[in-house]
Amino acid sequence: QVQLVESGGGLVQAGGSLRLSCAASGRTFSDAAMGWFRQAPGKEREFVAGINWTGGRTSYADSVKGRFTISRDNGKNTVYLQMNSLKPEDTAVYYCNTGPTLGSTALGWGQGTQVTVSS
C-alpha cells in the first residue's frame, strides 16, 4: 500500500522555524516529483513547493519564496520542507503528495501535519 506520512508540525512564534518531513512507503518515489501543499481554515488547498525527481529543480509559491526550502533524500524516500521566518499566515495543515511533474498530485491526501504560527 502506497502511503505518504507527514510529520514535524507544531506551534511556533512568528519568525521561528520548523522542518517538515514526508516519508513515503509502499514504493520508491525516487523517479517522481514531490510537493508540499497547505490548507488554511476556510481556504482551498494550495501549492507551496515542489521538487523534481533528481532534486535539481524546485518551484515555490510566491508567498514562501526566500523563506521555505524543499529538499529530498531519495535514499530515505523522504522529502523535507524547511520553513524559516514563519508568519501567522503560514498557519495551515501541510500535506505532501507526488506526481510525474512539479506540482502534480497523483495520490489521495493523507492526514497532514498542523503548523500554527502565533503572532
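Before any of the text, the structure's been laid out above.
Residues numbered from 1 in each chain as written. Predicted model: local features only at pLDDT ≥ 70, side-chain atom pairs only at ≥ 80, totals over all residues. Heavy atoms only, no water.

S.K.: What should I look at first to understand the sheet that holds strand β1 (residues 3–7) in this one?
M.R.: In any sheet, the strands associate via hydrogen bonds between backbone groups, in a parallel or an antiparallel arrangement. The four strands are arranged β1-β3-β8-β7 in an open sheet whose pairing can be described as antiparallel. The sheet is open, and its two edges are formed by β1 and β7 (68–73), each paired on a single side. Strand-to-strand twist of the sheet, defined as the mean angle between neighbouring strand axes without regard to direction, takes the value 15°. With six bridges connecting them, strand β3 (residues 18–25) and strand β8 (residues 78–83) associate as antiparallel partners. Note on β8: the bridge partner recorded for Ser21 is Tyr80. (Pairing = 2+ DSSP bridges. Helix = DSSP H or I, 4+ residues; strand = E, 2+ residues; numbered from the N terminus. Axes fitted to C-alpha atoms, helices over the stretch in contact; angles between N-to-C directions.)

S.K.: I tried to follow the state of the cysteines on my own but got confused; where do I start?
M.R.: Here, disulfide denotes a covalent bond that connects the sulfur atoms of two cysteines. A complete count under the given rule lists one disulfide for this structure. Covalent S-S linkage joins Cys22 and Cys96, the inter-sulfur distance amounting to 1.9 Å. Every disulfide takes its handedness from the sign of the S-S torsion; for Cys22 and Cys96 that torsion is 60°, giving right-handed. Of this pair, Cys22 sits in strand β3 while Cys96 sits in strand β9 (residues 92–99), placing them 74 residues apart in sequence. For the pair formed by Cys22 and Cys96, the shared burial category is buried. (Disulfide = S-S within 2.5 Å. Buried < 20%, exposed > 50% of the residue type's maximum accessible area, 1.4 Å probe, protein only.)

S.K.: How do you make sense of the pattern of salt bridges when you look at a structure like this?
M.R.: Scanning all chains against the criterion turns up five salt bridges. In this structure, Arg38 and Asp90 form a salt bridge, with 2.9 Å as the shortest nitrogen-oxygen distance. Taken as a pair, Arg38 in strand β4 (residues 33–39) and Asp90 in the loop between β8 and β9 lie far apart in primary sequence, 52 residues in all. Exposure remark for Arg38: the relative accessible area of 6% places this residue in the buried category. (Salt bridge = Lys/Arg side-chain N within 4 Å of Asp/Glu carboxyl O.)

S.K.: How do you make sense of the side chain of Asp90 when you look at a structure like this?
M.R.: According to the relative accessible area criterion, Asp90 is buried, its value standing at 1%. Reaching out from Asp90, the side chain makes a polar contact with the side chain of Arg38 at a distance of 2.9 Å. Leaving out residues up to four positions away in the same chain, Asp90 has contacts with Arg38, Arg67, Phe68, Ser85, Val115 and Val117. (Polar contact = N/O pair within 3.5 Å; in protein donor to acceptor, adjacent residues only side chain to side chain. Contact = heavy atoms within 4.5 Å.)

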